[in-house]
Amino acid sequence: MKKIVIDQAFWEIFPQAQIRCLVVKGIDNSTDPAKESYFTELLENGKQEAKQFLTNETFSENQVIQEWREAFQKFKTKKGARSSIEALLKRVNQDRTFFPINPLVDLYNSVSMKYGMPLGGEDLAAIKGDLHLGLAKGGESFFPLGAEADAPALAGEVIYYDEQGAICRCLNWREAQRTMLKEETVDAVLFIESINEEQHLRADAAMAELKKLVEDYFKVESSQYVLNRDNTEVGI
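Everything quoted here is computed from the prediction, not taken from an experiment.

Novice: Quick question: what am I supposed to make of the layout of surface pockets here?
Specialist: Empty space among the atoms can be located by rolling a probe the size of a water molecule over them. There is about 1000 Å³ of room inside the largest pocket. Surrounding the largest pocket, 39 residues form its lining, Ser-84, Tyr-108, Asn-109, Trp-173 and Glu-175 being those nearest its centre. Ranked by residues supplied to the lining of the largest pocket, first place goes to helix H4 (residues 84-93) with six residues. A class-by-class count of the residues in the lining of the largest pocket yields 19 nonpolar, nine polar and 11 charged.

Novice: Which parts of the structure should I look at to understand unusual backbone geometry?
Specialist: It is generally the case that most residues other than glycine have a negative phi and that most peptide bonds are trans. Backbone geometry places Cys-170, a non-glycine residue, at a positive phi of 50°. By the secondary structure assignment, Cys-170 is in the loop between strand E6 (165-169) and strand E7 (174-175). Taking relative accessible area as the criterion, Cys-170 reaches 0% and is therefore assigned buried. Unlike most non-glycine residues, Leu-171 shows phi in positive territory, near 65°. Relative to the helices and strands, Leu-171 is located in the loop between E6 and E7.

Novice: It is not clear to me how H4 should be interpreted in this structure. Could you clarify?
Specialist: What sets the pattern is the α-helix's 3.6 residues per turn: residues three or four places apart point alike. All of the buried residues in H4 are Ser-84, Ile-85, Glu-86, Leu-88, Leu-89 and Val-92. Buried-residue contacts for H4 involve helix H2 (36-50), helix H3 (63-72), helix H5 (103-115) and strand E3 (119-123). In the segment just after H4, Asp-95 is the residue with positive phi, at about 55°.

Here is what the cut-offs are and how they apply
- Along each chain, numbering runs from 1 in the same order as the chain's sequence is written.
- Local features in this predicted model are restricted to residues whose pLDDT is 70 or higher, and side-chain atom pairs enter the listing and the counts only when it is 80 or higher, whereas totals over whole chains, interfaces and linings include all residues.
- For the side-chain quantities, the full set of heavy atoms in the structure was used; hydrogens and water were omitted.
- For each structure, a 1 Å grid was placed over the protein atoms alone; sets of points admitting a 1.4 Å probe that cannot get out are labelled cavities, open sets with protein on both sides within 12 Å along at least five of seven lines are labelled pockets, and lining residues have an atom within 4 Å of a point.
- Grid points are joined across faces, edges and corners, and a volume is the space filled by probe spheres set on the points.
- Numbering goes from the N terminus for both helices and strands, where a helix is a DSSP run of H or I of at least four residues and a strand is a run of E of at least two.
- Residues were grouped as follows: Ala, Val, Leu, Ile, Met, Phe, Trp, Tyr, Cys and Pro as nonpolar; Asp, Glu, Lys and Arg as charged; and all remaining residues, including Gly, as polar.
- Relative accessibility under 20% of the residue-type maximum defines a buried residue, over 50% an exposed one, and the middle range a partly exposed one, all with a 1.4 Å probe and only protein chains included.
- Note on contacts: a residue pair is in contact if any heavy atoms of the two residues lie within 4.5 Å.

Below, the structure is given as structure tokens:
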């Protein structure tokens, strides 16, 4: 992968949006049983912090949930698709336990919950050509985690995509098996999407914490970028 490119069609739907990217290379993302308690505690702390975004007893009426549901109404979506942060907050609301998956995923999930922001990540080695965020033409191949059949993107759906198909459908709903972060991942890019000024402030704080967590744990340097309507691509 050489570039991250945000297509013009995306800005026409979300002109005030910002896409934050954190690129980290040369990591060992394998799980270490000796570090399990660290990640368990990190996820539990994120879960407790997330409760600040669930002040209304009616789950759907909480501000974070409302904002992303309204955002998803602006483009074509698969029936029932919700933002990744809604999925996490739903589990928080149900008081479910979060178990470690792998270091990068655990780090970004903890930050996602703490700041009420959608975060995701992809394996750079698995991306073919440039990584784009834009509108699907329809039919872009997509195999989500656990799927045995293709679930192609819909025409007009906001997706991350490369030369081989969709990487993440419905902006931040679900990622493809092909590019997901695995224990074998060495180089990765992590994303935070924000769509209004208040979210931008939380995204800044979330990215600062994510960068520190990643660099402290993996003992590497990372590079961060902010893409907006005036800055639509970045070389990696």
